[in-house]
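Coordinates in review
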Amino acid sequence: MATWKAGVSRALMTPETAVWLAGYSGKRAPTGKVHDLWVKTLALEDSRGMRGVIVASDNMGMPLALYDRIHTAVRERCGIEQSGLMVLFSHNHCGPVLPGDFADAYPIDEQQAALINAYADRLCETVVESVAQALAGLSPARLATGSGTTRFAVNRRDNPEPGIGMRMDRGEPLAGRVDHSVPVLTIRSEADELIGILFGYACHATVMNFDKWCGDYPGFAQLALEESHPGAAAMFFAGCGADQNPLPRRHLSQCRHYGNLLAAAVEEVLLQPMSPVGDGFGCAFRYVNLEFQHSISRESLAAVEDPPDSTHGRWAQRWLGTLEQDPELALPAHYPYPVQVWQLGSFLMIALGGEAVVDFALRFKELYGQGTWISGYANTLVAYIPSQRVYLEGGYEGGPFLYEYGHPAERWGEGVESRIVNAVIELVGEIRVRARTEL
């Protein structure tokens, strides 16, 4: 007998205007599409009427201001609180630019800014309508989980990209920490019809860097699964893959191949017995203040030697202008980082904002078991989120590169990992205490 109710909706989000493509510095105007981009929504309700909603999109990221608009509008229209709304994005680098993400990475003029803002308005409306439709379609359902494996993600910090294909062909072992698990959640109707598949993988969606709309390998994986299971919505979430790349890459055939490998891993899970998800939904959300290492000043900004048409140069000029306009302005010393925890029956989901490195997933699996789901790229893009190990090592994921995300600082302060881990532990405890109290 079904103890859950579920509803699924799908909405097209492919831009109809010449909004630039997001994810790499510079101007990338669209010249066509490989396939459409989507927003897909899963609404869940337990036997007590407690509701949660997952929104999964083909966006590169979610700016904080747009996320705030979305969760506020969802609360006002649908009655879903922020803790019960999980906004996931694939971090696909062939989707549209959104206002505020990588603020200085693109040489945006007034005309392009107007297109981007108009698209963001449409996206917000699309997401809210998709949530409303999924909630309106709630009906008895059964949930089950399982886990598979695929291995195209490579730790890019420990494996230089040049020559990686030849190394793989020779069977040479690759270095570095990885998470090759493929977690799968199925949603079936009372008639045992498959209506939804939520699955994830810890790897950048950066096979392609061309000028066509494309969902990258997650898009191909979703298409393959929906072709095999007509009527089911396939939804992807990006794991803690900030230091993981799909290698080798840059060819559309590779992109389709990785998508098919991921879809095949999901199909293998569907062929095996899966674990039913018991009744009971609990959720918790918190912003954790991640401290910046140093505050910027007019002197430090003026000392930036990068060209004015580079990301770093545009960042320095923008903040110089801000400080000159308001010399008394107090710049923030920290960023409000979103941490979210859901528990469905005994099944635990942890959603981290930004580009979290693989160490976070491995640590939380040690704490809570291998069946724990850990998503990065949730709710807001933020920046790279280094573990303590990566922070001390430095490099792109752990070094002074916050400017790429527009922040008024170049590097996080120490203690990023401990602040996030402590917040997750407290939120898990909060949910579990609440569940025992409600028994």
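Residues numbered from 1 in each chain as written. Predicted model: local features only at pLDDT ≥ 70, side-chain atom pairs only at ≥ 80, totals over all residues. Heavy atoms only, no water.

Take the overall build of the protein next. Within the protein, the secondary structure is distributed over ten helices and 17 strands. Taking 439 residues into account, the globule formula puts the C-alpha radius of gyration at 22 Å, and the protein, at 21 Å, falls close to it. Projecting the C-alpha coordinates of the protein onto the three principal axes gives extents of approximately 65 × 55 × 45 Å. Expressed as a percentage of the 439 residues in the protein, the buried residues total 59%. Long-range contacts, defined as pairs at least 24 residues apart, comprise 80% of the intrachain contacts of the protein with a sequence gap of at least 6. When the accessible surface of the protein is summed, it comes to about 17,400 Å², and 51% of that surface belongs to carbon and sulfur atoms. Computed over 36 positive and 51 negative side-chain charges, the inter-centroid distance for the protein is 4 Å. (Helix = DSSP H or I, 4+ residues; strand = E, 2+ residues; numbered from the N terminus. Rg over C-alpha atoms; globule rule 2.2 N^0.38 Å. Buried < 20%, exposed > 50% of the residue type's maximum accessible area, 1.4 Å probe, protein only. Contact = heavy atoms within 4.5 Å. Areas by Shrake-Rupley, 256 points an atom, 1.4 Å probe, with all protein chains shown as cover. Lys, Arg positive; Asp, Glu negative; His and termini not counted. Charge placed at Lys NZ, Arg CZ, Asp CG, Glu CD.)

Evaluation of the coordinates by the stated rule reveals 17 aromatic pairs. The interplanar angle of 75° and the centroid separation of 5.1 Å between the aromatic rings of F152 and Y217 together place this pair among those described as edge-to-face. You can see F152 sitting in the loop between β5 (139-149) and β6 (153-155) and its partner Y217 sitting in helix α4 (residues 216-228), a full 65 residues away along the chain. The exposure class of F152 is buried, given its relative accessible area of 4%. Note on Y217: relative accessible area 0%, which makes it buried. Aromatic pair W315 and Y403: ring centres 5.9 Å apart, planes at 50°, arrangement tilted. Separated by 88 residues along the polypeptide, W315 in helix α7 (residues 311-325) and Y403 in the loop between α9 (388-393) and α10 (416-438) bring together distant segments of the chain. (Phe/Tyr/Trp six-rings, centres within 6.5 Å; stacked < 30°, edge-to-face > 60°.)

Core analysis: the biggest nonpolar cluster contains 113 residues, and F199, Y217, L352, I385 and W412 have the highest contact counts within it. Counting residues per element, this core draws most heavily on helix α2 (residues 110-136), at eleven residues. When sequence neighbours within four positions are dropped, the list of residues in contact with W412 reads L290, E291, F292, Q293, Y335, V382, A383, Y384, I385, P386, Y391 and L402. Judged by nonpolar contacts, the second largest core, of 25 residues, contains W4, I54, M86 and I187. (Core = buried A, V, L, I, M, F, W, Y, C linked by side-chain atoms within 4.5 Å.)

Next up on the list: the packing of helix α8 (residues 358-368) against α10. What describes two packed helices is the angle between their axes and the distance between those same axes. At a minimum axis separation of 12 Å, α8 and α10 run at an interaxial angle of 35°. Read as a crossing pair, α8 and α10 show a hand that is right-handed. Contact residues: F360, R363, F364, L367 and Y368 in α8; E417, I420, V421, V424, I425, V428 and R432 in α10. Looking at the contact of α8 with α10 residue by residue, the class counts come to nine nonpolar, no polar and three charged. (Axes fitted to C-alpha atoms, helices over the stretch in contact; angles between N-to-C directions. Left-handed = near helix turned anticlockwise from the far one by under 90°. Nonpolar A, V, L, I, M, F, W, Y, C, P; charged D, E, K, R; others polar.)

One pass over the structure, following the stated rule, counts 22 salt bridges. For D46, the salt bridge goes to R48, with nearest N and O atoms at 3.0 Å. On the basis of relative accessible area, D46 is assigned to the buried category, the value being 3%. Overall, the relative accessible area of 42% leaves R48 in the partly exposed class. Close ionic contact of D359 with R389 constitutes a salt bridge, the shortest N to O distance being 2.9 Å. Of this pair, D359 sits in helix α8 while R389 sits in helix α9, placing them 30 residues apart in sequence. (Salt bridge = Lys/Arg side-chain N within 4 Å of Asp/Glu carboxyl O.)

It is worth spelling out the pairing of strand β8 (residues 194-201) at this point. With seven of its eight residues buried, β8 lies for the most part within the structure. Bridge count between strand β7 (residues 181-189) and β8: five bridges; the pairing is antiparallel. Within the sheet, the bridge partner assigned to R188 lies in β8 and is L194. The turn joining β7 and β8, which pair antiparallel and follow one another in sequence, is formed by four residues; a positive phi near 70° is taken by D192. Sheet topology note: the β8/strand β9 (residues 233-238) ladder contains six bridges and is parallel. What sits directly across from F199, in β9, is F236. What joins β8 to β9 is α4, and the crossover it makes is right-handed. (Pairing = 2+ DSSP bridges. Right-handed = clockwise from strand over helix to strand, strands pointing away.)

The omega torsion of the bond from L247 to P248 falls at -10°, within 30 degrees of zero and hence cis. Take P248: it is sitting in the loop between β10 (244-246) and α5 (252-271). Of note, the phi angle at H91 is positive, near 65°, even though the residue is not glycine.

Taken together, the four strands give an open sheet; going across it, the order is β12-β13-β14-β16, and neighbouring strands pair in mixed fashion. Unpaired on one side and paired on the other, β12 (281-291) and β16 (373-375) mark the two borders of the sheet. Taking each pair of neighbouring strands and ignoring which way they run, the sheet shows an average axis angle of 15°. For strand β14 (residues 347-352) and β16, the ladder comprises three bridges, and the chain directions are parallel. Residue pairing in the sheet places M349 in a bridge with W373 of β16. Sheet contacts for helix α1 (residues 64-78): β12 and β13 (334-344); angle to β12, the most-contacted strand, approximately 155°.

Moving on, we get to α10. Taking 1.5 Å as the rise per residue, α10 with 23 residues should run 33 Å; its terminal C-alpha atoms sit 33 Å apart, in good agreement. Among the residues making up α10, those that are buried are V416, E417, I420, V421, A423, V424, L427, V428 and I431. Looking at the buried positions of α10, the neighbouring elements they touch are β12, β13, β14, α8, β17 (384-385) and α9. (Expected span 1.5 Å × (residues − 1).)

What follows covers α4. For α4, built from 13 residues, the straight-helix expectation of 18 Å at 1.5 Å per residue is met to within 8% by its first-to-last C-alpha distance of 19 Å. Within α4, ten of the 13 residues are buried, which leaves it mostly tucked inside the rest of the structure. Every buried residue of α4 is listed here: D216, Y217, P218, G219, F220, A221, Q222, A224, L225 and E226. Buried-residue contacts for α4 involve β1 (4-12), β2 (38-45), β8, β9 and α5.

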